[in-house]
Amino acid sequence: MLFKSLVLLAGTAAVAHGAPSAPGANDIPRDVLTQISSWGSNPTNLQLHLYAPSNLTGKPAIILALHGCFGSGPWHAEMTSQFQTLSSSRNFVVLYPSSINDNNCWDVASPASLTRDGGGDSTGLATIVRWATTTFNADPKKVFITGSSSGCMMSNVMASAYPDLFSAVSCYSGVPAGCLAGSPGSSPISADQTCANGGIRKTGEEWAEVVRGMAPLPEGKGKGKGKGKGKGNQGWKYPKVATWHGDNDFFVNYFHNFEEQLEQWGAIHGVEFTRNETNVPAAGYTKMVYGDGTKLVGYSASGVGHVVPQFEAVDLEWFGL
């Protein structure tokens, strides 16, 4: 375990009704996983831990790393410890939020969470990102998101509802954004299993419309057109996406959730499949390149089940760090 202890940082001053104020960068310990208790709007009672290296310099990057169901931020920090190891040399802060509802799964089903500033989990996560970007004086063009399973599902939702906050996504074992819309819950226990079983099929353009529906166009933005098929991003600049999936995953079914994610983001970015690169980044993995490979790639892992090991170094390369 990389972090030797866990620090609770309650806040720096009392404000109205006794709530703690959000800490400043100088109040946050370095080289240790630290719990933050206040950062702004938190409608679904999320929790937050973060890791900031001691040698952080001006305009660092921010990575939002999302756990899967039954997990937590600290647990995910252990599972992706290379992010902490590499943070000092690559100059970034890692945010590890936690969902405490619905078996610790992220809400990727309710209208509140599938709508920009709708008051769901996605709203709380966006507030965390904005707080961290301001607090650490981070480069807003170097804010990234990654996650596994439920965390991948939420990564796709965040990229859809808050495309202006993120420059790139790399996530593992997920489903398309909006696939669980209308489900009674988002966990294996509470959800309608049609999506997880690969039963929701749409064309790329239909999936793209789901993405566009999560974030109304900002004032002054018109309906632009992307290249290739579809209508492009209609005003938003969406983050580039890398998605990973094991072909032996029958929990969040590889057939057809992996394909549907690629269809969704291919339509958003106006790119189509061009080629496979075998044994990349490791034996048994196939990198699927869309367009010139700068907007969308997929990684199919042969013989791998639901838990695809995270390739932190590859993620960082995709992020440009």
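Reading the values: the criteria
Residues numbered from 1 in each chain as written. Predicted model: local features only at pLDDT ≥ 70, side-chain atom pairs only at ≥ 80, totals over all residues. Heavy atoms only, no water. UniProt positions renumbered as here; feature names shortened; annotations may be inferred. Disulfide = S-S within 2.5 Å. Helix = DSSP H or I, 4+ residues; strand = E, 2+ residues; numbered from the N terminus. Buried < 20%, exposed > 50% of the residue type's maximum accessible area, 1.4 Å probe, protein only. Salt bridge = Lys/Arg side-chain N within 4 Å of Asp/Glu carboxyl O.

The name recorded for the protein chain in an unreviewed UniProt entry is Carboxylic ester hydrolase, from Podospora pseudocomata. As its UniProt record puts it under Subcellular location (unreviewed entry), the protein chain is described as follows: "Secreted".

J.: Break down the state of the cysteines for me, with residues and values.
T.: All told, the structure shown has three disulfides when counted by the stated rule. At a sulfur-sulfur separation of 2.1 Å, the disulfide partner of Cys179 is Cys195. Taking the torsion about the sulfur-sulfur bond, which here is approximately 125°, the covalent link between Cys179 and Cys195 counts as right-handed. Of this pair, Cys179 sits in the loop between strand S7 (168–172) and helix H5 (204–213) while Cys195 sits in the loop between S7 and H5, and the two are 16 residues apart along the sequence. The exposure classification of Cys179 matches that of Cys195, with both residues buried. Each disulfide of the protein chain joins two cysteines, and with those cysteines numbered along the sequence the arrangement is 1-2, 3-4, 5-6.

J.: With reference to specific residues and values, describe unusual backbone geometry.
T.: Cis peptide bonds are those with omega within 30 degrees of zero, and the linkage from Phe255 to His256 qualifies with 25°. Assignment of secondary structure puts His256 in helix H6 (residues 254–269). In this model, Lys59 sits at a positive phi of 55°, which is unusual for a non-glycine residue. Within the fold, Lys59 resides in the loop between strand S3 (47–51) and strand S4 (61–66). Judged by relative accessible area, Lys59 falls into the partly exposed class, the value being 45%. If you check the backbone angles, Asp117 has positive phi at about 55° while not being a glycine. In this structure, Asp117 sits in the loop between strand S5 (92–98) and helix H3 (121–135). Residue Asp117 is classed as partly exposed on the basis of its relative accessible area of 48%.

J.: I'd like a rundown of the pattern of salt bridges, residues and numbers included.
T.: A side chain with one charge can pair with a side chain of the opposite charge if their charged atoms come near. In this structure the tally under the stated criterion is six salt bridges. Here Arg212 and Glu205 are joined by a salt bridge, their closest N and O atoms 2.7 Å apart. Looking at Arg212, the relative accessible area reads 9%, which means it is buried. The class for Glu205 is partly exposed, based on a relative accessible area of 23%. One salt bridge in this structure joins Glu209 and Arg212, with 2.6 Å as the shortest N-O distance. Placement of both Glu209 and Arg212 in helix H5 is noted, with a separation of three residues, approximately one turn of the helix. Residue classification places Glu209 among the partly exposed positions, given a relative accessible area of 36%. Among the ionic contacts, a cluster of salt bridges with common partners joins Arg201, Glu259 and Glu260.

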